Amino acid sequence: MQQLIDKTIDEVRNLAFQLRPSTLDHLGLIEALESLLSDFEKRTNIVYTFTKSRIPELDEQLLLFIE
């Protein structure tokens, strides 16, 4: 039972990391998106085009909600 609990905790931590990468906290949204898309491209061999200028600015109230 302890092994199952430990494995579940590890999987939850891994999932949480994938959903909110530390890159987001340290470098910001654009860099986090670039990192995630780069990993996706490596895993799937699907080429993507990421255009930074198309990301809308977030207002302060939304940013407070996200943090």
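Residues numbered from 1 in each chain as written. Predicted model: local features only at pLDDT ≥ 70, side-chain atom pairs only at ≥ 80, totals over all residues. Heavy atoms only, no water.

Student: An account of the overall build of the protein is requested, with residue identities and associated values reported.
Tutor: Regarding its fold elements, the protein presents four helices and zero strands. N-terminal to C-terminal, the α/β element order of the protein is α-α-α-α. Counting over 67 residues, the protein shows a buried share of 6%. For the protein, the computed accessible surface area is about 6,300 Å², with 57% contributed by carbon and sulfur atoms. (Helix = DSSP H or I, 4+ residues; strand = E, 2+ residues; numbered from the N terminus. Buried < 20%, exposed > 50% of the residue type's maximum accessible area, 1.4 Å probe, protein only. Areas by Shrake-Rupley, 256 points an atom, 1.4 Å probe, with all protein chains shown as cover.)

Student: With reference to specific residues and values, describe the environment of tyrosine 48.
Tutor: Looking at the secondary structure, you find tyrosine 48 in the loop between α3 (29-44) and α4 (60-66). Spatially, the C-alpha atoms of tyrosine 48 and serine 38 are 8.7 Å apart, while their sequence positions differ by ten residues. Sequence-distant contacts of tyrosine 48, defined by excluding residues within four places in its chain, comprise Glu34, Leu37, Ser38 and Glu41. (Contact = heavy atoms within 4.5 Å.)

Student: Explain a nonpolar patch on the surface to me, using residue names and the numbers behind them.
Tutor: A surface patch of nonpolar side chains, amounting to about 430 Å² of accessible area, comprises Met1, Leu4, Ile5 and Ile9. Its place among the elements puts leucine 4 in helix α1 (residues 2-19). Judged by relative accessible area, which is 53%, leucine 4 ranks as exposed. (Patch = residues over 30% accessible without salt bridge, like charges linked within 9 Å, V, L, I, M, F, W, Y side chains within 5 Å. Salt bridge = Lys/Arg side-chain N within 4 Å of Asp/Glu carboxyl O.)

Student: Lay out unusual backbone geometry with the relevant residues and their values.
Tutor: You will see that asparagine 45, though not glycine, has its phi angle at about 60°, which is positive. Within the secondary structure layout, asparagine 45 lies in the loop between α3 and α4.

Student: Describe the confidence of the model for the protein, with residues and values.
Tutor: For the protein, the average pLDDT comes to 80, and 79% of its residues sit at 70 or higher. Averaged pLDDT values over the elements of the protein bottom out at 59 in α4 and peak at 87 in α3. (pLDDT = per-residue confidence, 0-100.)

Student: I'd like to hear about the pattern of salt bridges, residue by residue, with values.
Tutor: The final tally for this structure, using the stated rule, is one salt bridge. Close ionic contact of lysine 7 with glutamate 11 constitutes a salt bridge, the shortest N to O distance being 4.0 Å. Remark: glutamate 11 and lysine 7 occur in helix α1; sequence separation between them is four residues, near one turn of the helix. Taking relative accessible area as the criterion, glutamate 11 reaches 47% and is therefore assigned partly exposed.

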